[in-house]
Amino acid sequence: MKPFLSVRRTRLPEYALCVGLALLGMHSLQASSHREAPLIANDPLADNTDLYAFRSPDNPNTITIIANYIPAELPYGGPNYFSFGENIRYEIHIDNNTATPGDDIIYRFTFQRVNEDPTTFFNIRLGKQNLKTTYTVERSTNGGLSFQTILSGGVVPPTNIGPRSIESGAGLGAANYRELISGAIANATTGERVFCGPVDDPFYVDLGSIFDLGDAPRQNGRVRDGLAKFNVHTISLQIPISTLQKDGKAAGQAANILDGDYVIGIWASASRRAMRTLNTDGTAPTDMGAWVQVSRLGMPLTNEVLIPLGFKDQWNFQTPYEDLGNLGVYGNFFYNPELALYMDDSQFGGAVPAFRGLRIQSNSLGAFDFRNGKDGLFGLKGNPALAGTALDDAVFGTLLLPAAGSPRSVDLWPIFHTGVPNLRPYQLATGKNGDPLAAGKPFINNFLPNGGDMLRLNMAVPPTPRNDPQFSPLGIVQAAVLGLTDPAYNANANLQFIPNMDGFPNGRRLEDDVTRIELQAVGGVALAAIGLWYDDYLPGQVPSPVTNQLINVLQYSTGVEANDAPFTSEFPYLADPWRGTETGAPEE
Amino acid sequence: MKQYCLLLIGLFAAQIALASSHREAPLISDDPLADNTDLYAFRSPDNPNTITIIAAYVPMQLPHGGPNYYGFGENIRYEIHIDNNIATPGDDIIYRFTFKKVFEDPSTFFYVRLGKQNHKTTYTLEKSTDGGATFQIVINNGVVPPNNIGPRSIEGGAGLNTTYNALMSSATLTAMSGEKVFCGPTDDPFFVDLGGVFDLGDMPRQGGSKPRDGVACLNVSTIALQIPIEMLQKDGKSAGQAANILDGDYVIGIWASASRRQIRTLNTAGTEMYSGDWVQVSRLGMPLTNEAVIPIGSKDLWNATTPYEDLANLSVFGPYFYNPELALYMDDSQFGTAVPAFAPLRIQSTSLGAFDFRNGKDGLFVLKGNPALAGTALDDAVFGTLLLPAAGSPRSVDLWPIFHTGVPNLRPYQLATGKNGDPLATGKPFINNFLPNGGDMLRLNMAVPPTPRNDPGFSTLGIVNAAVLGLTDPTYAGNADLQFIPNMDGFPNGRRLEDDVTLIELQAVSGVALAAIGLWYDDYVPGQTPSPVTPQLLNVLTYNTGIGQNDTTFRSSFPYVQAPWSGTSRCSGEGRDYTQPQILDPTVSVSGLNAPEIIATNFPNPFEKTTAFKYRLRNDGRVSIQIFDLNGKLVETLVNRSQSAGEYQVEWNAGNRPAGVYLAAVSFENGPAQTIRLNKAK
């Protein structure tokens, strides 16, 4: 093998690495969606925390969708432990066809609680359980016009209070907690598998440091997983691909692993009735009126760190299908994201030392400035070089190059709102010969251009086994690294399966480190990936585009890189909820 | 005498429960902003002419719970109520706090940035002295300190550029009517093993697992008031004017609440509207009442009613005190054997050979109408039938009154000192917090002097400890006269921040209060057993929950509670090991004039198993060579030590590492690093 660094015109063994990384990483930011907006922070039962969607590794004819609610549940939060709320509609929405307006499939979950023994203050006693929760699943396949009940009397396992409550004879006398989870997995009449219940929060992030003005990774002291040993309530679904694909096709019928007909967009929500009236006799409030959406979640972290405080509540109350209509309000939060101010020395970059490895291109290829307020690629508007690319107005309209002063309209905005098409310039640099607008090696197609914030997944992409040595929490970023540097993949510009092409942002697997990837993306790594290199690459002067600035971005990490509990190998994949008697305040 | 004195301990301890009032009822658990967690009231140790009242709200706030950190809610009335006179119906004084929030910079997702604060909270304090008929504003625009997010937000120049102590100090205000006031986030002063106790009463833990303070490292939103005693005393008298330290005219009852408007309407634009009457959604008087005395079926009703409705609801709530659920777990004829952690706590079933206080039994009701009761608090002619309402209500004589009337300085509620074996006889006075309005309140006799917190006699067992001293310490046990005994100012005579109410209340449920007035445990047989301090009593006295104090200190002056845990402290999550890779200078540097302090090369590259680094130092200094993979993970540290100027060589054996690209960061004195790309083939 030749010296790695001396880049060749044709093979780009190594600047390839960068490229891949970037594009896929292109989401936004830091901590999923826990307590992310003022109003919903006051209504934890209806607060979406995370949404995952991935092709099931052990059952590749299905997609697993996991929507979590109720942030930062203390496992020992008794005597009234956390549970799904009544009078709330928890919903998972799927768009599989841009030709039909709005959702194509909706799953609606509603919960009921009963007290089996109202004479005790304990949650569980002598086989009886208080706040015992059951649920109904309804499904709509006509955009919400009508719903059909596909599961009723579904059982939510109790809180994992402790061994006396779960296993002992004075409690439930269960063999173990896992048995309660297994027993609660139900089959809908329409073929989906369903699980609703408390689980370990699969997300991981150093919340405290990030929200202390962006101190991630911490510049002093140990990094900390702020969600370690907390639980959430999960709604998990495992759905046959043929149920989700717009024409009812199975996985095996896909034309290829990036078949555009297999892209779905997923978002989750919670709604409450418009009017709540408190009763003075201590009975539950009376809820009535129309249902009002109070929380939503598609891409991780959108409302946590992209939407500023003044708009967070409004964002939660609207559907993704309203995003395009609100482009005048929300667009700029993606075109000129606040986080980018902290990765730009002409703005507040100097004030956020933890981000100093992340510096946005200000003079890429000697021509393009992607810092907030600059023009990015808008200078190419109307240029014949764009003809036939996704940036050509004739191809997708003006969405990707809407105006001057909107530099991130070409990377951050589409990843959140349309997905990434398998089209120039959104291909791996492999085969591009130095021209970012040229055709390269395909590696992603989750394009579903409805303009709304959703998690988009191409179901035709095969899953990477979790025990594969190549499996990586960097998701498609890692697929790009392999596609650009591994001789098994970088020898040609053909479409091939590369491990982790089934990872974020092509859907989102439980393991994917979205915080890190999204911060790298705001740092411009996606732009670099398509050949819009960092400032310290001078074509003809510097031998390789893998410059120190790019290396800094690739090496950037928040330091918290994995969940605190292992996932399991079968549905619902999540770890048991932490036991109330086995956790406590962090000790060191 | 010496020993059975300890018994006294019981009486005062006679409250209930387990864990104050965090998430204590189903409905309020879903509305954390309006959830009362704890209420404290004590004579201020550093300012004994005042009473400090602390009401805490919003349970279990994670210090790192951003980006929208916890705090007081808008459209909620947070109130502290005081009854100082049973001749006037209802509250005599009400303090009402309402909060407003503004965003100083709605263009950021950060809570604090460049001197601006979002969710910036201010409050209005109104006061009523006519039972709530009218209110007068006594503080306008009171400032709530920001959350203690971390050093960059609080101290840093990009943040508020101050200190948290300064923020707390400047938020301590004086109302126009003279009270000192503080509202803001603080450490949760409560302590309890939540995980253990709510796993069917496993406290202290039996399986060998370690007890854990379930509210350690968590914050609450505190309302603290410091009020001159003459403002609270019904006739405007100051502390010095009390007839004695148990002067009954100095008893106040305190309770806290939160109320919301009856109707909330959600608007699709992402806003809320509130209208209609105010409805109480949370209340708190005695600790743990609604947590562990009221069962789940009645908890919401309890929260929705005021203490002044408790008497009218006696048929609903009374039995929870007469026959408390917890007592089932301290009684072998019930579920006692199913709760091994409570094994030391066993209720009297045949006290003095005659009285059975287990649930469903008659207790002292067998004495009803007996002339021996004449002139005691149990005489119907004195207090009516409240203390001996019916058969089958054994704890009507101890648990019920402590929660609903306070304890009078009257037979039989006096220390055993001087009783000569007859529990109904006159003994040494030690408490009088009697305010018989029938409602669940925290009752404090303001005439009792405070015990200095640094006094060697200060004890978290409150009046329990005062009883021990009053019965065993020669300074106090020599006579039956009224004397000040340390900790007479403690729970249940009010509640100090330090008081271990969980422990005391569990002992009380097990009957230690009854024992204290001479209703000894079953293993004391008069005339046969030498001392009433029997093994059963000692078991109760030595019972311990395993968590006996708060996880941080208290302050020596108002508001006494500690600053909130910082969002970047150890409380902000589990630590992870991580070494940040060195940040590399741009490949093409704009400046770069000086010759580097260190120059390194390696050979071979690409390599298969090992590669050697040669480097030269111009000066003495610390050298570091670290190998990272492309994901930034530290793979190995080859050199990290001080070296003299000169030439060196070090080898990296990467035999078992996967093939691929690695980066060697070479730096001198932590300066900018030189990076060498290493290509490991196969």
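Residues numbered from 1 in each chain as written. Chains lettered and ligands numbered in written order. Predicted model: local features only at pLDDT ≥ 70, side-chain atom pairs only at ≥ 80, totals over all residues.

Asker: Explain the overall build of chain B to me, and be specific about the residues and the numbers.
Answerer: On a plain count of helices and strands, chain B comes out with 17 helices and 22 strands. Here the C-alpha coordinates of chain B stretch approximately 105 × 60 × 50 Å along the principal axes. Looking at chain B as a whole, 57% of its 682 residues qualify as buried. (Helix = DSSP H or I, 4+ residues; strand = E, 2+ residues; numbered from the N terminus. Buried ≥ 20, exposed ≤ 12 C-beta atoms within 10 Å, placed from the backbone.)

Asker: Explain the overall build of chain A to me, using residue names and the numbers behind them.
Answerer: The helix and strand inventory of chain A stands at 17 helices and 15 strands. Referenced to the eigenvectors of the C-alpha coordinate spread, the extents of chain A come out at roughly 80 × 55 × 45 Å. Looking at chain A as a whole, 63% of its 588 residues qualify as buried. Counting only contacts in chain A whose residues sit at least 6 apart along the sequence, the fraction spanning at least 24 positions is 72%. (Contact = placed C-beta atoms within 7 Å.)

Asker: If you had to explain the interface of chain B and chain A to someone new, which residues and values would you point to?
Answerer: Contacts between the two partners involve 101 residues from chain B, matched on the other side by 104 residues from chain A. Grouping the amino acids of the side of chain B that touches chain A by side-chain chemistry returns 45 nonpolar, 36 polar and 20 charged. (Nonpolar A, V, L, I, M, F, W, Y, C, P; charged D, E, K, R; others polar.)

Asker: A description of helix H15 (residues 514–522) of chain A should follow, citing residues and the corresponding values.
Answerer: Every α-helical turn comprises 3.6 residues, leaving residues that sit three or four positions apart pointing alike. Residues and elements named next belong to chain A. Of all nine residues in H15, nine are buried; the element is thus mostly enclosed. Every buried residue belonging to H15 is among Val 514, Thr 515, Arg 516, Ile 517, Glu 518, Leu 519, Gln 520, Ala 521 and Val 522, and all of these are buried. With its phi angle positive at about 90 degrees, Gly 524 sits one or two positions after the end of H15.

Asker: How would you sum up the nonpolar core? Please name residues and give values.
Answerer: Counting 353 residues, the largest nonpolar core has Ile 266 of chain A together with Ile 254 of chain B as the members making the most contacts within it. In terms of residues, this core owes the most to one element, strand E2 (residues 50–61) of chain B, which gives eight residues. Dropping the residues within four chain positions of it, Ile 266 of chain A is found in contact with Leu 51, Ala 53, Ile 65, Ile 92, Ile 94, Met 454, Leu 455 and Leu 457 of chain A. (Core = buried A, V, L, I, M, F, W, Y, C linked by C-beta atoms within 7 Å.)

Asker: Go over the sheet that holds strand E16 (residues 598–603) of chain B, please, and point to the residues and values.
Answerer: All names here are of chain B. Here we have three strands laid out as an open sheet, ordered E16-E17-E20, and antiparallel in their pairing. Edge positions in the sheet fall to E16 and strand E20 (646–653), since each has one partner strand and no second. The sheet shows a mean angle of 20 degrees between the axes of neighbouring strands, taken without regard to direction. Note: E16 against strand E17 (residues 610–617), six bridges, orientation antiparallel. Across the sheet, Ile 598 pairs through a bridge with Leu 617, a residue of E17. (Pairing = 2+ DSSP bridges. Axes fitted to C-alpha atoms, helices over the stretch in contact; angles between N-to-C directions.)

Asker: Which residues make up the confidence of the model for chain A, and what values go with them?
Answerer: Per-residue pLDDT for chain A has a mean of 90; in total, 94% of the residues score no lower than 70. Contacts from residues 1–31 of chain A, a stretch scored under 50 in pLDDT, to residues over four places away or in other chains number 151 contacts. (pLDDT = per-residue confidence, 0-100.)

Asker: Tell me about the sheet that holds strand E1 (residues 36–43) of chain B, and name the residues and values.
Answerer: All names here are of chain B. Read across the sheet, five strands follow the order E1-E2-E11-E10-E9 without closing on themselves; strand pairing throughout is antiparallel. Whereas interior strands pair on both sides, the edge strands pair on one side only; in this sheet they are E1 and strand E9 (173–174). Bridging between E2 and strand E11 (residues 219–228) involves nine bridges; their strand directions are antiparallel. Bridging from a neighbouring strand, Tyr 57 pairs with Ser 221 of E11.

Asker: Describe in detail the environment of Asn 631 of chain B, supporting the description with residues and values.
Answerer: Residues and elements named next belong to chain B. Looking at the secondary structure, you find Asn 631 in the loop between strand E18 (621–629) and strand E19 (634–643). Classification of Asn 631 by C-beta neighbours within 10 Å gives buried; the count is 20. Spatially, the C-alpha atom of Asn 631 lies 9.9 Å from that of Pro 581, the residues being 50 residues apart in sequence.

Asker: Help me get a handle on helix H15 (residues 501–509) of chain B, residues and values and all.
Answerer: Residues and elements named next belong to chain B. When you tally the buried positions in H15, you get nine out of nine residues, the bulk of the element. Residues of H15 that are buried: Val 501, Thr 502, Leu 503, Ile 504, Glu 505, Leu 506, Gln 507, Ala 508 and Val 509. Looking at the residues trailing H15, positive phi occurs at Gly 511, about 100 degrees.

Asker: Break down the pairing of strand E4 (residues 93–102) of chain B for me, with residues and values.
Answerer: As paired elements, strand E3 (residues 76–83) of chain B and E4 of chain B share five bridges and run antiparallel to each other. Note on E4 of chain B: the bridge partner recorded for Glu 79 of chain B is Arg 96 of chain B.

Asker: Please provide a residue-by-residue account of the environment of Trp 565 of chain B, values included.
Answerer: Residue and element names in this part refer to chain B. Inspection of the secondary structure puts Trp 565 in the loop between helix H17 (535–542) and strand E15 (574–576). A count of 27 C-beta atoms within 10 Å places Trp 565 in the buried class. The spacing of Trp 565 and Val 448 is 117 residues in sequence and 33 Å in space, taken between C-alpha atoms. For Trp 565, the residues in contact, after removing those within four places along its chain, are Pro 63, Asn 148, Asp 187, Cys 217, Asn 219 and Cys 571.

Asker: Outline the environment of Gly 363 of chain B, supporting the account with residue identities and numerical values.
Answerer: Residue and element names in this part refer to chain B. In this structure, Gly 363 sits in the loop between helix H10 (325–328) and helix H11 (380–383). C-beta crowding within 10 Å serves as the criterion here: with 25 such atoms nearby, Gly 363 is assigned to the buried category. Those residues in contact with Gly 363 that lie beyond four places of it in its chain are Phe 355, Asp 356, Phe 357, Pro 394, Arg 395 and Val 397.

Asker: Give me unusual backbone geometry: which residues, what numbers.
Answerer: Of the consecutive residues Phe 571 of chain A and Pro 572 of chain A, the connecting peptide bond is found in the cis state with omega at 5 degrees. Tracing the chain through its elements places Pro 572 of chain A in the segment after helix H17 (548–555). Here Gly 66 of chain B and Pro 67 of chain B are connected by a cis peptide whose omega angle stands at 5 degrees. Looking at the element boundaries, Pro 67 of chain B is found in the loop between E2 and E3. Non-glycine residue Leu 352 of chain B carries a positive phi angle of around 50 degrees. Looking at where Leu 352 of chain B falls in the secondary structure, it is placed in the loop between H10 and H11.

Asker: With reference to specific residues and values, describe the confidence of the model for chain B.
Answerer: Across chain B, pLDDT averages 90, with 95% of residues at or above 70. Model confidence for the complex is summarised by a pTM of 0.89, with the ipTM given as 0.90.

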